[in-house]
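Breakdown of the fold
In case you want the letters, here they are:
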Amino acid sequence: MSGWNYHVTHFVTSAPDIRHLPADVGIEVAFAGRSNAGKSSALNTLTNQKSLARTSKTPGRTQLINLFQVAEGIRLVDLPGYGYAEVPEEMKRKWQRALGEYLQKRECLKGLVVLMDIRHPLKDLDQQMIEWAVQSQIPVLVLLTKADKLASGARKSQLNMVREAALAFMGDVQVEVFSSLKKIGVDKLRLKLDSWFSAQKEAPSAEEEQ
Ligand SMILES: Nc1nc2c(ncn2[C@@H]2O[C@H](COP(=O)(O)OP(=O)(O)OP(=O)(O)O)[C@@H](O)[C@H]2O)c(=O)[nH]1
Ligand SMILES: [Mg+2]
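Here goes a summary of the coordinates provided. Computed from a prediction, not measured in an experiment: that's the story for all the values here. Note that residues are indexed from 1 along each chain, following the sequence as it is written. Going through the entries in the order they are written, you letter the chains from A and number the ligands from 1. For this predicted model, a pLDDT threshold of at least 70 governs which residues receive local features, and a threshold of 80 or more governs which side-chain atom pairs are given and counted, while totals over whole chains, interfaces and linings are taken from all residues.

Another aspect to go through is the overall build of the protein. Along its length, the protein carries 6 helices and 7 strands. Walking the protein from its N terminus toward its C terminus, one meets helices and strands in the order β-β-α-β-β-α-β-α-β-α-β-α-α. The globule rule puts the C-alpha radius of gyration for 210 residues at 17 Å, and the 17 Å found for the protein is close to it. Reported as C-alpha extents along the three principal axes, the dimensions of the protein are approximately 55 × 40 × 35 Å. Neighbour density around each residue's C-beta defines its exposure: 20 or more other C-beta atoms within 10 Å make it buried, 12 or fewer make it exposed, and counts between make it partly exposed, where C-beta atoms are placed from the backbone. A total of 210 residues make up the protein; the buried ones form 37% of that total. Contact between residues is assigned whenever the C-beta positions, reconstructed from backbone atoms, fall within 7 Å. Here the analysis covers contacts within the protein between residues at least 6 apart in sequence; of these, 73% occur between residues at least 24 apart. Helix and strand labels come from DSSP, where a helix needs a run of H or I of at least four residues and a strand needs a run of E of at least two; each type is numbered from the N terminus. The globule rule is 2.2 Å times the number of residues to the power 0.38, and the radius of gyration it is compared with is taken over C-alpha atoms.

Moving on, we come to the pairing of strand β3 (residues 65–71). Two strands qualify as a pair provided that DSSP identifies no fewer than 2 bridges between them. Pairing analysis gives 5 bridges linking strand β1 (residues 10–15) to β3, with the strands arranged antiparallel. Note on β3: the bridge partner recorded for threonine 13 is leucine 67. Pairing of β3 with strand β4 (residues 74–78), which is carried by 5 bridges, proceeds in the antiparallel orientation. When the bridges of β4 are listed, glutamine 69 appears paired with arginine 75.

Sheet strands pair via backbone hydrogen bonds, and the direction of the pair is either parallel or antiparallel. Taken in spatial order, the 7 strands line up as β1-β3-β4-β2-β5-β6-β7 in an open sheet, and their pairing is mixed. Edge positions in the sheet fall to β1 and β7 (173–177), since each of these pairs with one other strand and no more. On average, each strand axis in the sheet is tilted by 20° relative to the strand beside it, whichever way the strands run. Each of β6 (140–145) and β7 is contacted by helix α4 (residues 152–166), which is oriented at about 170° to β7, the strand it contacts most. Axes, fitted as lines to C-alpha atoms, cover a helix only where it is in contact. Angles between the N-to-C directions of the axes lie from 0 to 180 degrees.

Walk down a regular strand and you will see the side chains alternate between the two sheet faces. For strand β2 (residues 27–33), a buried count of 7 out of 7 residues is recorded, marking the element as mostly surrounded by other parts of the structure. Pairing analysis gives 5 bridges linking β2 to β4, with the strands arranged parallel. Paired with isoleucine 27 across the bridge in β4 is isoleucine 74. Pairing between β2 and strand β5 (residues 109–117): 6 bridges, direction parallel. Bridge pairing in β5 links glycine 33 to leucine 115.

Our next topic: the environment of lysine 182. On the secondary structure map, lysine 182 appears in the loop between β7 and α5 (186–202). Assessed through the 13 C-beta atoms surrounding it within 10 Å, lysine 182 is described here as partly exposed. Each C-alpha atom, one on lysine 182 and one on alanine 147, is 8.4 Å from the other, the two residues being 35 residues apart in sequence.

The end-to-end C-alpha distance of α4 is 21 Å, a good match for the 21 Å that 15 residues give at a rise of 1.5 Å each. If you check which residues of α4 are buried, you get Gln158, Val162 and Ala166. When α4 is viewed along its axis, its buried side chains cluster within an angular range of 70° and face the same direction. Away from its buried face by more than 90 degrees, α4 exposes Ser152, Gly153, Lys156, Ser157, Asn160 and Glu164. The secondary structure elements touched by the buried residues of α4 are β6 and β7. A helix is expected to span 1.5 Å multiplied by its residue count minus one. Think of it as the arc spanned by the lines of direction from the helix axis to the C-beta atoms.

Here we come to the environment of glycine 100. Turning to its location among the elements, glycine 100 is positioned in helix α2 (residues 89–105). Exposure remark for glycine 100: the 12 C-beta atoms within 10 Å place this residue in the exposed category. Separated by 32 residues in sequence, glycine 100 and tryptophan 132 place their C-alpha atoms 9.8 Å apart.

Right, let's get into the environment of glycine 26. Tracing the backbone through its elements, the reader meets glycine 26 in the loop between β1 and β2. With 16 C-beta atoms counted inside 10 Å, the residue glycine 26 sits in the partly exposed group. Sequence-wise, glycine 26 and proline 121 are 95 residues apart; in three dimensions their C-alpha atoms are separated by 31 Å.

For residues that are not glycine, phi is negative in most cases, and the peptide bond is trans in most cases. Look at asparagine 36: it is not a glycine, yet its phi comes out positive at around 80°. Mapped onto the secondary structure, asparagine 36 falls in the loop between β2 and α1 (39–47). Since 22 C-beta atoms lie within 10 Å of it, asparagine 36 is described here as buried. A positive phi angle is found at methionine 170, which is not glycine, with a value near 55°. The topology assignment puts methionine 170 in the loop between α4 and β7.

The structure is reproduced here in structure tokens:
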């Protein structure tokens, strides 16, 4: 199975809620995680583009559902970060609602990448996110981000700890280390996306079926 070329990914649209998204067809894989976990950076690293997804030192920067197209019917989604305390309640409620709706109602969602800072993994909302995905039979790839911030021993022990904890979810949950800065784990991410997106590539077109 040959993979997709993620480098040609381009921006499609930003939506405040699912009603503003394009038709619910094809396959989407969403990147979720706490504010500042490194979602937008991971998307830029994967696609080898400096500023496809906007990154910021200020948490809560990505407040919209941002869609990117890899190929026809193949999309990546940068979801609003959750769990940022400094955001006004009203705004927080709005994002949380948009996020929940997207996760529960979007039929074409076929995989979830949950990003967590390797130094602070498995916060309550991260666990809720994984639990929800497992219940919905959506496979999960957990990326422990900013792995460059830890020495290799500490990195390994965090990975083992989170892998152990992930077993409790009793679902399709794979855990890997990742660094946008040092390009660690990018191959693992690419392989996983290829496998989630392969259904689309292998599906016969309407013409071939006849
Ligand atoms: N050292 C290091 N810093 C990183 C890495 N990835 C992201 N960062 C930094 O972490 C901060 C947040 O990164 P973003 O990619 O904007 O995080 P996000 O999850 O998209 O944040 P929101 O959009 O607010 O939810 C930025 O200052 C990045 O430069 C990494 O692999 N290593
Ligand atoms: Mg972001």
